[in-house]
Amino acid sequence: MERVRERNHRIKIPNRASPGGAPEHQPRHSARPSGADLLFRFIPGVALVPRFHPRLISAAPPAHGWACQKLRCARPIAHDHSALAKRHSPIILPPLFHTMYRSVSCNSLRKEHIGQTVTLAGWVNSRRDQGGVIFVDLRDREGVTQIVFRSEENKEATDASHKLRGEDVIQVTGKVSARLAGTENPKLATGEIEIVAAELRVLNKAEVPPFPLDDPKVNEDLRMEYRYLDLRTALMQRNLKLRHRVVKATRDYLDEAGFLEIETPILSNPTPEGARDFLVPSRLNPGTFYALPQAPQQYKQLLQVAGLEKYFQIARCFRDEDLRADRQPEFTQIDIEASFVVENDIQTLVEGLLARIFKESAGVEIPTPFPRMPYSEAMGRFGSDKPDTRFGLELVDLTDVFTASQFKVFASVAQGGGVIKAINAKGAAALLSKEQLKKWEEWVKTECGAKGLAYVKWSEGGEWESPIVKFFSDAEKTALAGRMGFQAGDVLFFGADAKLEPVCEILGRVRLRCADLLGLIKANASKLNFLWVVDFPLLAFSPEDNHWVAVHHPFTRPKADDMAALHAGEYARVRAVAYDVVLNGVELGGGSIRIHERELQAKMFEVLGVNAEEQQVKFGHILKAFSFGAPPHGGLALGLDRLVMLIAGAESIREVIAFPKNNRGCDLMTHSPVEVDFKQLREVYISSTAKKS
RNA sequence: GGAGUCUUAGCUCAAUCGGUUAGAGCGCCGCCCUGUCACGGCGGAGGUUGCGGGUUCGAGCCCCGUAGACUCCGCCA
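Procedures and definitions
- Residues numbered from 1 in each chain as written.
- Chains lettered and ligands numbered in written order.
- Predicted model: local features only at pLDDT ≥ 70, side-chain atom pairs only at ≥ 80, totals over all residues.
- Heavy atoms only, no water.
- Core = buried A, V, L, I, M, F, W, Y, C linked by side-chain atoms within 4.5 Å.
- Buried < 20%, exposed > 50% of the residue type's maximum accessible area, 1.4 Å probe, protein only.
- Helix = DSSP H or I, 4+ residues; strand = E, 2+ residues; numbered from the N terminus.
- Contact = heavy atoms within 4.5 Å.
- pLDDT = per-residue confidence, 0-100.
- Salt bridge = Lys/Arg side-chain N within 4 Å of Asp/Glu carboxyl O.
- Pairing = 2+ DSSP bridges.
- Axes fitted to C-alpha atoms, helices over the stretch in contact; angles between N-to-C directions.

### What to know about the nonpolar core
Here's step 1: Counting residues in hydrophobic clusters, the biggest one holds 57 residues, and the most contacted among them are V491, F493, V510, C514 and L539.
Here's step 2: Per-element tally for this core: the top contributor is helix α14 (residues 500–517), with seven residues.
Here's step 3: Beyond its immediate stretch of four places on either side in the chain, V510 contacts I423, W440, W443, V444, L453 and F493.
Here's step 4: Ranked by size, the runner-up nonpolar core spans 43 residues in total, among them A249, F259, V534 and L643.

### Regarding the confidence of the model for chain A
Here's step 1: On average, residues of chain A score 83 in pLDDT, and 85% of them are at 70 or above.
Here's step 2: Looking over chain A, one finds the lowest element-wise mean pLDDT in strand β1 (residues 40–42), namely 28, and the highest in strand β8 (residues 260–261), namely 98.
Here's step 3: Per-residue pLDDT stays below 50 along residues 1–87; that stretch engages in 109 contacts with residues further than four places along the chain or on separate chains.
Here's step 4: Of the two predicted TM-score estimates for the complex, the pTM is 0.84 and the ipTM is 0.92.

### Focus: the pattern of salt bridges
Here's step 1: For the structure shown, the criterion picks out 40 salt bridges.
Here's step 2: Where R654 meets E220, a salt bridge forms, and the shortest distance between an N and an O atom there is 2.7 Å. In this pair, R654 sits in the loop between α19 (640–648) and α20 (678–683) while E220 sits in helix α5 (residues 220–225), placing the two residues 434 residues apart along the sequence.
Here's step 3: Judged by relative accessible area, which is 14%, R654 ranks as buried.
Here's step 4: One salt bridge in this structure joins E337 and K300, with 3.6 Å as the shortest N-O distance. Of this pair, E337 sits in strand β12 (residues 330–339) while K300 is found in helix α8 (residues 297–305), placing the two residues 37 residues apart along the sequence.
Here's step 5: Take E337: its relative accessible area is 0%, and that puts it in the buried class.

### Some remarks on helix α10 (residues 375–382)
Here's step 1: What α10 keeps buried is the set Y375, A378, M379, G380 and F382.
Here's step 2: Elements that come into contact with the buried residues of α10 comprise β13 (372–374), β15 (419–425), α14 and β19 (530–534).
Here's step 3: Looking at the residues trailing α10, positive phi occurs at G383, about 65 degrees.

### Details of the sheet that holds strand β22 (residues 578–583)
Here's step 1: Reading across the sheet, the eight strands line up as β8-β11-β12-β24-β23-β22-β19-β13 and stay open at both edges, with mixed pairing between neighbours. On the outer flanks of this sheet lie β8 and β13, each paired with one strand and no other.
Here's step 2: Pairing analysis gives three bridges linking β13 to β19, with the strands arranged parallel. Its bridge partner being in β19, P374 is matched across the sheet by V534.
Here's step 3: Across the sheet, α10 lies against β13 and β19, angled at about 80 degrees from β13, the strand it touches most.
Here's step 4: Its contacts with the sheet put α19 on β11 (310–318), β12, β22, β23 (586–593) and β24 (633–639), and the angle it makes with β12 is roughly 110 degrees.

This is the structure in structure tokens:
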């Protein structure tokens with residue numbers, strides 16, 4: 001059962017490539033060797049020595065010398081722009097795959113390289129042992145190359161190759177050869193060639209992997225336990241490469257736009273509102289705690305007060321809340337803030353950023369500017385503040401139709417100032433039986449908190465089927481059919497409530513479920529519908545706390561047009577200069593223009609019921625900062641994980657994070673989090689109240 | 001905090017109504033094979049059916065509890 005394999009297996013083979021066999025260094029300062037050169041010479045049987053030592057290529061110091069020490073202690077030199085410019089003189093880096101172990105990658109050889117002698121290193125992807133001839137697919141980060149071992153060409157290496165197993169790490173030297181006519185493999189980029197092995201060196205034997213690496217059906221918890229194996233798959237490597245491209249495009253774009261990447265503290269303070277904080281006890285200050293940042297919100301605003309003007313950061317953020325497929329306890333934001341900007345400046349910047357990201361990571365051109373849609377319209381038409389506009393099924397208002405209805409439920413809602421809306425699931429009648437409709441009603445009740453889900457089903461060649469249609473007058477039916485475009489084969493779903501939001505939200509979810517049922521999401525999978533949702537409400541009334549709370553955060557700027565409403569106390573009507581960027585029904589990010597005036601901020605705190613004392617305790621430092629000349633400023637943060645997930649076409653952000661946590665916040669590979677011993681807790685003045693089972 | 005789905009060989013799954021010794025494919029191990037690329041052929045090993053309890057003549061299957069994984073609600077911008 002347990003298969004013990006030979007380790008550190010090494011085959012010593014006399015080298016044919018360098019008959020003289022003498023080790024030699026030939027340092028050259030010229031350009032890289034051309035592909036036609038033999039890149040490596042070998043000490044027979046043991047080590048590989050490159051003819052061009054990587055370090056020697058760029059060993060000469062730049063003209064101004066390695067001036068790190070000088071720059072650090074002599075401050076004025078930092079302003080010597082000519083000196084800085086010289087530091088940007090090109091440094092020739094060694095080519096990645098030209099190392100002591102290998103001369104080329106497993107995805108670099110083509111027909112035109114036939115005849116060259118190369119050295120490859122990587123993992124045994126698969127092995128096909130024909131007895132006298134053995135094929136090994138050698139895999140590295142870049143791709144796969146077929147190695148062929150022929151007993152008549154090199155018996156020793158061929159004999160050794162019989163023992164190779166999947167995931168063994170090997171190094172092979174051989175000649176690039178054309179495959180025999182008819183045996184080319186069009187599925188491989190390197191499928192026209194193969195390496196006829198002259199030498200095989202086993203760098204490390206591998207145990208049998210606990211699961212087949214290329215099987216996408218394997219349990220996620222098993223893949224997480226052996227994440228380093230899971231990450232060897234082409235899919236995961238593609239995702240991580242994609243993530244790198246997105247981050248690189250972001251840095252390039254924002255750098256070119258004059259933004260400075262500035263780090264902010266990870267050990268910071270608890271946030272007065274919002275999500276639960278991760279706490280870190282301070283050993284040096286008994287009984288006190290840091291918190292990990294939920295976002296660098298206050299720091300990025302303070303950087304504006306500091307006059308840095310344009311800031312960004314690929315920022316790790318932490319929130320101790322329950323997890324979902326698109327939520328991790330630690331996640332990454334592209335965090336942006338700038339001074340002397342209005343809403344449209346930030347939006348234009350971010351449109352350009354997303355265009356650059358999609359172009360460089362996915363090769364897709366996306367049209368800008370994105371459409372702008374007020375929050376009220378998004379809720380009214382799509383039942384969501386992040387509408388998926390790739391398909392219709394829009395919400396239609398029917399309140400006026402039912403004001404005098406015999407159907408008491410609708411009539412009382414309509415007369416009492418409530419709202420009745422409906423959506424038409426075109427062509428869903430054939431897909432929804434009575435039993436399924438009952439299940440939908442149950443789903444709406446349990447998961448959406450609705451009282452029920454009224455529907456009318458019109459099967460092809462049938463009558464209107466519905467528990468409520470008997471109450472409708474002919475005039476109501478006519479109005480309904482006309483306004484909804486109701487035809488045979490369709491199903492109508494109704495939402496009715498005293499308040500607008502719950503009706504929209506419930507129908508918004510029914511809409512998405514209908515779209516899924518009707519295959520509209522799959523059919524529109526290739527579309528990229530970006531849009532800005534703007535004019536969010538500034539405040540929301542919290543029944544639990546019995547006062548108004550900030551929808552975004554307390555520094556969000558009210559719209560100039562609604563300032564009168566704010567001062568008149570009509571808080572529900574006040575809109576914020578806040579905006580979310582949405583792609584295909586997923587919120588990519590959001591931001592706002594902030595309040596920079598002291599009086600307006602005071603007014604906001606008054607509305608939020610935060611008294612002077614609380615202001616000092618919770619926001620003292622930032623209010624003090626604002627008193628010293630804060631510029632008008634605003635910004636936005638994009639969820640990097642979600643963004644990469646969408647570009648990668650992944651279903652969970654865990655697929656685009658190298659080492660994610662599961663839905664209980666545990667890392668199944670390292671078993672984090674772990675218990676710590678009493679001594680360690682005592683040092684930070686903590687005692688645990690957790691019950692041990 | 002709540003709801004749902006799942007847990008059978010290393011992996012993916014099957015096992016009729018509760019009924020004989022729990023099967024298959026892949027993988028693994030051994031032997032054979034000189035043009036394979038999902039290689040092929042022959043042979044073999046591999047199981048506390050997550051765990052604990054109950055019902056029953058008899059439980060992988062039914063019931064209760066428990067652990068773990070995933071999805072969703074609450075929560076979270």
